[in-house]
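Residues per chain, in single letters:
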Amino acid sequence: MSIHPSVLMALKEVKRRELHGAALITRLVLNALSKAAVDSKAKSPEDLFKELSEYGNLLVKSRPTAVLLTNGIRHVLYHVKTGAEKGQHVEELKNAAKHQAADFLKQLDESIEKIGQMGARRMGENDVILTHGYSTSVLSILRRAQEEGKNIKVIATETRPEYQGRLMARELVRRGIPTTIIIDSAVYNFMREVDKVLVGAEAVAANGAIVNKIGTSTIASVAHESRVRVFVAAGIYKFSSETMFGELIEIEERDPLFVVPKRELQKIGDVSVRNPAFDVTPPEHIDLIITERGVIPPQGAIFVLRERRDMPVLGLES
């Protein structure tokens, strides 16, 4: 199968790891899928759905832990599939794919804005907030809190080995929010200065556990021990339907050269290097999950999934 140039470009951009945050990556991927649909040479609805499904599987495999990306692709494919079942022609289905990709991204933007509003209410005057990784939802909350006149300060971990925390710090400083960068292993040392921990999520499981940047679980454990509240900012499209049926969220492992550069690895000798990109934080170490539909305890995740009837579960590989 020849791959549409927009899909190839999206796969290349994801592999380069220069885009951070599930929302930004999902936008890139859905725009690519939309262009591929519009340009498709498929002669039948069945061929179009098969082609887009194959692209969808490639894109999901590029970021298997990102439930938002998977659900965005499912949203598009579901409407193409149901349109085909209703007898729509290929050109109608191409337009449907384009429209549904744009619709999902519009919903995503609106959810991030609402999460900002919901989360800002939970930020207190003069709070010191600890962040880990890069999250557009976390940025939305902190920006909104600042706009409301709350004199917040942020401690941002570097988030090794890809240093997404430095990017987070740059965005915060650009918005005029006082920010301090610390190395990840210094979290215990600084926790006594922290009022709240605020992180994003790649995925939320049915039991309320979250999957987020590696190191999140350790930070949440330290916060729990120190009686510091842990808030998670995550839209409902990051809630994993599969986990309702006992499936586990795949934890992506990335290039070990992010951890030890090739030249340094050659000096060390015969050693293996592991680089899991994410970890799982248990619900016992999370106080609240901030969604666009409200703030819930982690135990409420299962009810969000049960009530969310508009998200199809189509067979995409990961």
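Up top you'll find the structure we're talking about.
Residues numbered from 1 in each chain as written. Predicted model: local features only at pLDDT ≥ 70, side-chain atom pairs only at ≥ 80, totals over all residues. Heavy atoms only, no water.

Enquirer: I would appreciate a short explanation of helix 2 (residues 22–39) in the present structure.
Expert: Three- or four-residue spacings in an α-helix give side chains the same orientation, since the helix completes a turn every 3.6 residues. A rise of 1.5 Å per residue sets the reference length of helix 2, with its 18 residues, at 26 Å; its end C-alpha atoms lie 26 Å apart and thus fit the reference within 8%. Among the residues of helix 2, those classed as buried are A22, A23, I25, T26, V29, L30, A32, L33, S34, A36 and A37. (Helix = DSSP H or I, 4+ residues; strand = E, 2+ residues; numbered from the N terminus. Expected span 1.5 Å × (residues − 1). Buried < 20%, exposed > 50% of the residue type's maximum accessible area, 1.4 Å probe, protein only.)

Enquirer: Would you mind going over the pattern of salt bridges with me for this structure?
Expert: Side-chain pairing between opposite charges can occur once the charged atoms of the two side chains come close. Applying the stated rule across the entire model yields 19 salt bridges. Of the charged contacts in the structure, one is a salt bridge between E162 and R254, with a shortest N-O distance of 2.9 Å. Pair noted here: E162 is in the loop between strand 2 (153–157) and helix 7 (164–174) and R254 is in the loop between strand 7 (229–233) and helix 10 (262–268), with a separation of 92 residues, a long-range link. A relative accessible area of 8% places R254 in the buried class. (Salt bridge = Lys/Arg side-chain N within 4 Å of Asp/Glu carboxyl O.)

Enquirer: Would you take a moment to explain the sheet that holds strand 8 (residues 278–281) for this structure?
Expert: Within a sheet, neighbouring strands are paired by backbone hydrogen bonds and run either parallel or antiparallel to one another. Pairing in this open sheet of three strands is antiparallel, and the strands run 5-6-8 from one edge to the other. Edge positions in the sheet fall to strand 5 (203–204) and strand 8, since each of these pairs with one other strand and no more. Summarising the sheet, strand 5 and strand 6 (residues 210–213) pair through two bridges and their orientation is antiparallel. Looking at the pairing, A203 lines up with V211 of strand 6. (Pairing = 2+ DSSP bridges.)

Enquirer: What is the right way to look at the nonpolar core in this model?
Expert: A general trend in soluble globular proteins is that nonpolar side chains are found buried together. Core analysis: the largest hydrophobic core is formed by 65 residues, its most contacted members being L52, I73, L130, M191 and V197. It is helix 2 that contributes the most residues to this core, nine residues altogether. Once you skip the residues sitting within four places of it in the chain, L52 turns out to touch L33, A37, L77, V80 and A97. Counting residues in hydrophobic clusters, the runner-up holds 23 residues, among them I115, I141, A156 and L198. (Core = buried A, V, L, I, M, F, W, Y, C linked by side-chain atoms within 4.5 Å. Contact = heavy atoms within 4.5 Å.)

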